[in-house]
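Geometric and topological summary
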Amino acid sequence: MIYVFVALYQEAKPLIRALQLKKRQQTSGFDVYENKEVRLILSGTGMLSAATAVGSSLAFFGVGEEDLLVNWGSCAEELSGDRNKKCGVVYCCNKLVDSVSQHTYYPDLFVKSELPEACVVTGTKIWADTGRCNREVNEGSMRGRDDVILHDMEAAAIYFAGAHFLAPHQMYFLKTVTDFGDGSVSLEKFSELMEKAAPVFLSYLEKLENWQREYIKIVADRWERTEEQEKILEEFCCSETMKAMFLQCIHYWSLAGTDYRKELEKMREAGELPCRDKREGKKRFEQLRENLL
């Protein structure tokens, strides 16, 4: 299941319609719309509401390692270009900053796309004071020189609550720009921008669904060693502890789309495999992990 957390009904409406989601009667205390693959939860605005919605919903429904969390919604952008070109742009967030605690979170973006990436700063109220927010982010060493900075009221709180149930590679955050911290957008314009941005989000959601299906296959096969895996473990003279570590790495590399087989072939051609003993195997294993970072 993919859990989509949205703050406002105006943000959720085009998704409910496009995905033909039906309202669920028995819920965790929040409005829930769902089909067989997607469960959309309306959290309400603000960090406390968002964290509560995530915690209660994921606990109520019971999530596993095959489930995903997605946060979709609007944001303000610290304007660094043409306002007309920036309005309505959808960003995939690679860094989340809690403006209260100054904690920074980094989702593992296993599912790649052509969407531009940005840092989102989550605050307790609608962002307006550009100068103060810039100082907070810069002084906290949380801003890269080329980062696009967005502002919302939920993302970091959703990550914090979600991390109690899910791993970083199971959480994704997409935001569309509706204003620039000046309160210039009307409700009608806001709804229009979210309607236009919805197809972009739905396209990314489809990528997540495809990746999720592959992920489920990998999870299902993880505990069954293939002949190839047995050969690799033998080449590295793995102890039982090292076998578990190695298989976990193979699992991670497979999810990330990392070509570990190519690196293994290089080691074989260089005469580094097979290893003579466990000591050398441990050394080569560390070498392999470093090469694939």
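What you are looking at is a predicted structure, and each value in this text was computed from that prediction instead of being measured. (Residues numbered from 1 in each chain as written. Predicted model: local features only at pLDDT ≥ 70, side-chain atom pairs only at ≥ 80, totals over all residues. Heavy atoms only, no water.)

**Some thoughts on the overall build of the protein chain**
Using the following cut-off: The helix count covers DSSP runs of H or I at least four residues long, the strand count covers runs of E at least two residues long, and both are numbered beginning at the N terminus. Burial classes follow relative accessibility: with a 1.4 Å probe on protein chains only, a residue under 20% of its type's maximum area counts as buried, one over 50% as exposed, and anything between as partly exposed. Calculation of accessible area relied on Shrake-Rupley with a 1.4 Å probe; when residues are assessed, cover is drawn exclusively from the protein chains displayed.
Of regular secondary structure, the protein chain possesses 10 helices and 10 strands. Taken along its principal axes, the extent of the C-alpha atoms in the protein chain is 70 × 45 × 30 Å. Taken over 293 residues, the protein chain has a buried fraction of 47%. Only carbon and sulfur atoms are counted for the fraction: they give 49% of the accessible area of the protein chain, which is about 15,000 Å².

**Some details on the confidence of the model for the protein chain**
Any segment with low pLDDT has predicted coordinates that should not be analysed in fine detail. Put simply, the test is: The predictor rates its confidence in each residue with pLDDT, a number between 0 and 100. Note on contacts: a residue pair qualifies if any of its non-hydrogen atoms lie within 4.5 Å across the two residues.
Confidence in the prediction of the protein chain, expressed as mean pLDDT, is 87, and 90% of residues score 70 or more. When the criterion is pLDDT under 50, residues 135-143 qualifies, and its contacts beyond four places in sequence or with other chains add up to 17 contacts.

**Quick notes on unusual backbone geometry**
Following Leu 273, the chain continues to Pro 274 via a peptide bond in cis, the omega torsion being 0 degrees. Inspection of the secondary structure assignment puts Pro 274 in the loop between helix H9 (260-269) and helix H10 (278-291). Positive phi, normally seen in glycine, also occurs at Gln 102, with a value near 70 degrees. Mapped onto the elements of the fold, Gln 102 is located in the loop between strand S6 (90-98) and strand S7 (104-105).

**Considering the environment of Asp 31**
Following the sequence through the fold, Asp 31 ends up in the loop between strand S2 (22-23) and strand S3 (32-34). Along the sequence, Asp 31 and Gly 44 sit 13 residues apart, while their C-alpha atoms lie 9.6 Å from each other.

**Brief notes about helix H7 (residues 227-235)**
Cut-off, in case you're wondering: Summarising the geometry, the arc corresponds to the directions from the helix axis toward the C-beta atoms.
Every buried residue of H7 is accounted for by Gln 229, Ile 232, Leu 233 and Glu 235. All buried residues of H7 project into a common sector of 160 degrees when viewed along the axis, lining one side. What points out from H7, more than 90 degrees from its buried face, is the exposed set Glu 227 and Glu 234. A positive backbone phi angle near 50 degrees is found at Cys 237, which sits one or two residues after H7.

**A short note on the pattern of salt bridges**
Short version of the rule: A side-chain nitrogen of Lys or Arg and a carboxyl oxygen of Asp or Glu constitute a salt bridge if their distance falls within 4 Å.
All told, the structure shown has 15 salt bridges when counted by the stated rule. The network of salt bridges with common partners includes Glu 272, Arg 276, Glu 280 and Arg 284.

**Structural notes on the side chain of Gln 170**
Locating Gln 170 in the fold gives a position in the loop between helix H5 (155-162) and strand S10 (171-179). For Gln 170, a relative accessible area of 4% corresponds to the buried category.

**Topic: the nonpolar core**
Nonpolar side chains tend toward joint burial in soluble globular proteins. To keep things clear, this is the line we draw: Residue types Ala, Val, Leu, Ile, Met, Phe, Trp, Tyr and Cys, when buried and joined through side-chain atoms within 4.5 Å, form a set referred to as a nonpolar core.
Judged by nonpolar contacts, the single largest core of 33 residues is most densely connected at Val 4, Leu 40, Trp 72, Tyr 172 and Leu 208. When residues of this core are traced back to their parent elements, those giving at least two are strand S1 (2-6), helix H1 (9-19), strand S4 (38-42), strand S5 (68-77), S6, S10 and helix H6 (187-221). If you tally residues by element for this core, the top one is H6, at 10 residues. Setting aside chain neighbours within four positions, we find Leu 208 in contact with Ile 2, Leu 68, Val 70, Val 111 and Tyr 172.

**With respect to the packing of H9 against H10**
For any two helices packed against each other, the geometry is given by the interaxial angle and the distance between the axes. Counted only if it meets this: Axis definition: a line fitted to C-alpha atoms, over the contacting stretch in the case of helices. Angles run 0 to 180 degrees between N-to-C directions. Roughly parallel here means an angle under 35 degrees, roughly antiparallel means over 145, roughly perpendicular means 65 to 115, and every remaining angle is called oblique. Working rule for handedness: look at the near helix, and if it is turned counterclockwise from the far one by less than a right angle, call the crossing left-handed; if clockwise, right-handed. Throughout, the ten residues Ala, Val, Leu, Ile, Met, Phe, Trp, Tyr, Cys and Pro are labelled nonpolar, Asp, Glu, Lys and Arg are labelled charged, and all others, Gly among them, are labelled polar.
Direction vectors running N to C along H9 and H10 enclose 135 degrees, while the axes themselves pass 10 Å from each other. The angle between the axes of H9 and H10 places the two elements in the oblique class. Like other packed secondary-structure pairs, H9 and H10 cross with a definite hand, here right-handed. Here Glu 263, Leu 264 and Met 267 of H9 come into contact with H10, specifically with Arg 284, Gln 287, Leu 288 and Asn 291. In the contact of H9 with H10, the residues fall into three nonpolar, two polar and two charged.

**Some remarks on the environment of Ala 244**
Mapped onto the elements, Ala 244 comes out in helix H8 (residues 240-256). Sequence-wise, Ala 244 and Leu 233 are 11 residues apart; in three dimensions their C-alpha atoms are separated by 9.8 Å.

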